Amino acid sequence: MLKKGLTVNEFYVYREEQRLDGIKPDITVNFSLIGNIIIEIKLSDNPELNKGKAIAYSEKMEKYLSNAHFGYLLIIQSGERKLSKVKFENLQKTYHAKFGNKIEVIEKSLNI
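Please read all numbers here as calculations on a predicted model, not as lab measurements.

Chemist: An account of the pattern of salt bridges is needed here, citing residue identities and associated values.
Modeler: In this structure the tally under the stated criterion is four salt bridges. For Arg15, the salt bridge is made with Glu16, and the minimal N-O distance between the two is 3.3 Å. For Glu16, a relative accessible area of 34% translates into the label partly exposed. Of the charged contacts in the structure, one is a salt bridge between Glu40 and Lys42, with a shortest N-O distance of 3.7 Å. On the accessibility criterion, Glu40 (2% relative accessible area) is buried. With relative accessibility at 10%, the residue Lys42 sits in the buried group.

Chemist: A description of the confidence of the model for the chain should follow, citing residues and the corresponding values.
Modeler: On average, residues of the chain score 81 in pLDDT, and 91% of them reach the 70 mark or higher. Within the chain, no element has a lower average pLDDT than helix α1 (residues 51–64), which sits at 79, and none a higher one than strand β3 (residues 35–43), at 89.

Chemist: For the layout of surface pockets, give the residues involved together with the corresponding values.
Modeler: In this model, the largest pocket occupies a volume close to 160 Å³. Lining the largest pocket are Phe70, Gly71, Tyr72, Gln92, Tyr95, His96, Gly100, Asn101, Lys102, Ile103, Glu104 and Val105. Listing elements by their share of the lining of the largest pocket, those giving two or more residues are β4 (70–78), α2 (85–99) and β5 (103–110).

Each value, and the rule that gives it
The residue count restarts for each chain, going from 1 along the sequence in the order it is written. Local features in this predicted model are restricted to residues of pLDDT 70 or higher, and side-chain atom pairs are both shown and tallied only at a pLDDT of 80 or more, whereas totals for entire chains, interfaces and linings draw on every residue. Side-chain metrics in this entry use all non-hydrogen atoms of the structure; hydrogen atoms and water are not considered. Any Lys or Arg side-chain nitrogen located within 4 Å of an Asp or Glu carboxyl oxygen qualifies as a salt bridge. Under the scheme applied here, a residue whose accessible area is under 20% of the maximum for its type counts as buried, over 50% as exposed, and between as partly exposed, the area being computed with a 1.4 Å probe on protein chains only. A score from 0 to 100, pLDDT tells how confident the predictor is in each residue. For helices the rule is a DSSP run of H or I covering at least 4 residues; for strands it is a run of E covering at least 2, with both sets numbered from the N terminus onward. The definitions used throughout rest on a 1 Å grid laid over the protein atoms alone, on which a cavity is an enclosed set of points accommodating a 1.4 Å probe that cannot get out and a pocket is an open set flanked by protein within 12 Å on both sides along at least five of seven lines; lining residues are those having an atom within 4 Å of a point. Grid points are joined across faces, edges and corners, and a volume is the space filled by probe spheres set on the points.

The following block contains the structure:
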(Lines give C-alpha, C1' and ligand atoms only; values in the text may rest on other atoms or scores of the structure.)
Protein backbone atom coordinates (compact mmCIF):
# COMPACT_ATOMS: atom_id res chain seq x y z
CA MET A 1 0.00 0.00 0.00
CA LEU A 2 2.76 2.40 0.82
CA LYS A 3 4.21 1.87 -2.65
CA LYS A 4 0.91 3.14 -4.08
CA GLY A 5 1.27 6.33 -2.06
CA LEU A 6 -1.36 5.44 0.55
CA THR A 7 -0.65 5.95 4.21
CA VAL A 8 -1.74 3.50 6.89
CA ASN A 9 -4.83 5.45 8.00
CA GLU A 10 -6.00 6.75 4.64
CA PHE A 11 -9.49 6.03 3.29
CA TYR A 12 -11.67 7.20 0.42
CA VAL A 13 -15.45 7.16 0.05
CA TYR A 14 -17.11 6.85 -3.37
CA ARG A 15 -20.85 7.20 -3.98
CA GLU A 16 -22.44 5.20 -6.80
CA GLU A 17 -19.15 4.78 -8.56
CA GLN A 18 -19.78 2.90 -11.80
CA ARG A 19 -17.43 -0.02 -12.28
CA LEU A 20 -16.28 -1.45 -15.59
CA ASP A 21 -18.91 -4.18 -15.42
CA GLY A 22 -21.65 -1.50 -15.20
CA ILE A 23 -22.75 -2.05 -11.61
CA LYS A 24 -22.91 0.83 -9.14
CA PRO A 25 -22.80 0.04 -5.40
CA ASP A 26 -24.35 2.81 -3.29
CA ILE A 27 -21.17 3.48 -1.32
CA THR A 28 -17.66 2.09 -1.64
CA VAL A 29 -15.21 2.80 1.15
CA ASN A 30 -11.58 2.13 0.33
CA PHE A 31 -9.55 1.77 3.49
CA SER A 32 -5.81 1.48 2.96
CA LEU A 33 -5.26 -1.49 5.28
CA ILE A 34 -8.39 -3.49 4.39
CA GLY A 35 -9.34 -2.64 0.82
CA ASN A 36 -12.88 -2.02 -0.42
CA ILE A 37 -15.98 -2.22 1.74
CA ILE A 38 -19.38 -2.02 0.02
CA ILE A 39 -22.41 -0.40 1.68
CA GLU A 40 -25.76 -0.90 -0.02
CA ILE A 41 -28.66 1.13 1.42
CA LYS A 42 -32.33 0.17 1.10
CA LEU A 43 -35.49 1.62 2.60
CA SER A 44 -37.48 -0.97 4.55
CA ASP A 45 -40.38 -0.88 2.06
CA ASN A 46 -38.14 -1.66 -0.93
CA PRO A 47 -39.62 -4.60 -2.91
CA GLU A 48 -36.14 -6.10 -3.34
CA LEU A 49 -36.23 -7.04 0.36
CA ASN A 50 -39.22 -9.39 -0.08
CA LYS A 51 -38.41 -13.08 0.24
CA GLY A 52 -38.42 -14.04 -3.45
CA LYS A 53 -36.62 -10.92 -4.59
CA ALA A 54 -34.17 -10.95 -1.67
CA ILE A 55 -32.47 -14.02 -3.11
CA ALA A 56 -32.20 -12.38 -6.52
CA TYR A 57 -30.88 -9.21 -4.89
CA SER A 58 -28.26 -11.24 -3.02
CA GLU A 59 -26.83 -12.19 -6.42
CA LYS A 60 -26.42 -8.50 -7.18
CA MET A 61 -24.62 -8.11 -3.85
CA GLU A 62 -22.37 -11.00 -4.83
CA LYS A 63 -21.29 -9.02 -7.90
CA TYR A 64 -20.54 -6.04 -5.68
CA LEU A 65 -18.31 -8.24 -3.54
CA SER A 66 -16.19 -9.23 -6.52
CA ASN A 67 -14.27 -6.01 -5.87
CA ALA A 68 -14.57 -5.82 -2.07
CA HIS A 69 -13.52 -7.67 1.06
CA PHE A 70 -16.66 -6.94 3.08
CA GLY A 71 -20.14 -5.59 2.58
CA TYR A 72 -23.06 -4.18 4.49
CA LEU A 73 -26.72 -4.14 3.57
CA LEU A 74 -28.10 -1.22 5.55
CA ILE A 75 -31.88 -1.21 5.90
CA ILE A 76 -33.38 2.13 6.87
CA GLN A 77 -36.55 1.63 8.95
CA SER A 78 -38.77 4.70 8.77
CA GLY A 79 -42.31 5.62 9.67
CA GLU A 80 -44.99 3.00 9.17
CA ARG A 81 -43.07 1.24 6.41
CA LYS A 82 -40.93 -0.80 8.79
CA LEU A 83 -39.75 -4.29 7.93
CA SER A 84 -41.10 -6.78 10.47
CA LYS A 85 -38.65 -8.36 12.87
CA VAL A 86 -39.32 -11.80 11.36
CA LYS A 87 -38.63 -10.57 7.81
CA PHE A 88 -35.46 -8.82 8.96
CA GLU A 89 -34.19 -11.96 10.72
CA ASN A 90 -35.01 -14.07 7.64
CA LEU A 91 -33.07 -11.62 5.50
CA GLN A 92 -30.10 -11.87 7.87
CA LYS A 93 -30.26 -15.68 7.73
CA THR A 94 -30.46 -15.66 3.92
CA TYR A 95 -27.38 -13.46 3.59
CA HIS A 96 -25.44 -15.30 6.30
CA ALA A 97 -26.15 -18.66 4.64
CA LYS A 98 -24.92 -17.36 1.29
CA PHE A 99 -22.01 -15.12 2.31
CA GLY A 100 -21.05 -16.12 5.86
CA ASN A 101 -19.47 -13.13 7.58
CA LYS A 102 -18.62 -11.38 4.34
CA ILE A 103 -21.89 -9.38 4.26
CA GLU A 104 -23.67 -8.13 7.32
CA VAL A 105 -27.32 -7.06 7.23
CA ILE A 106 -27.94 -4.21 9.63
CA GLU A 107 -30.81 -1.85 10.30
CA LYS A 108 -31.18 1.71 11.47
CA SER A 109 -34.49 3.13 12.60
CA LEU A 110 -35.22 6.74 11.67
CA ASN A 111 -38.14 8.54 13.21
CA ILE A 112 -38.98 10.95 10.45
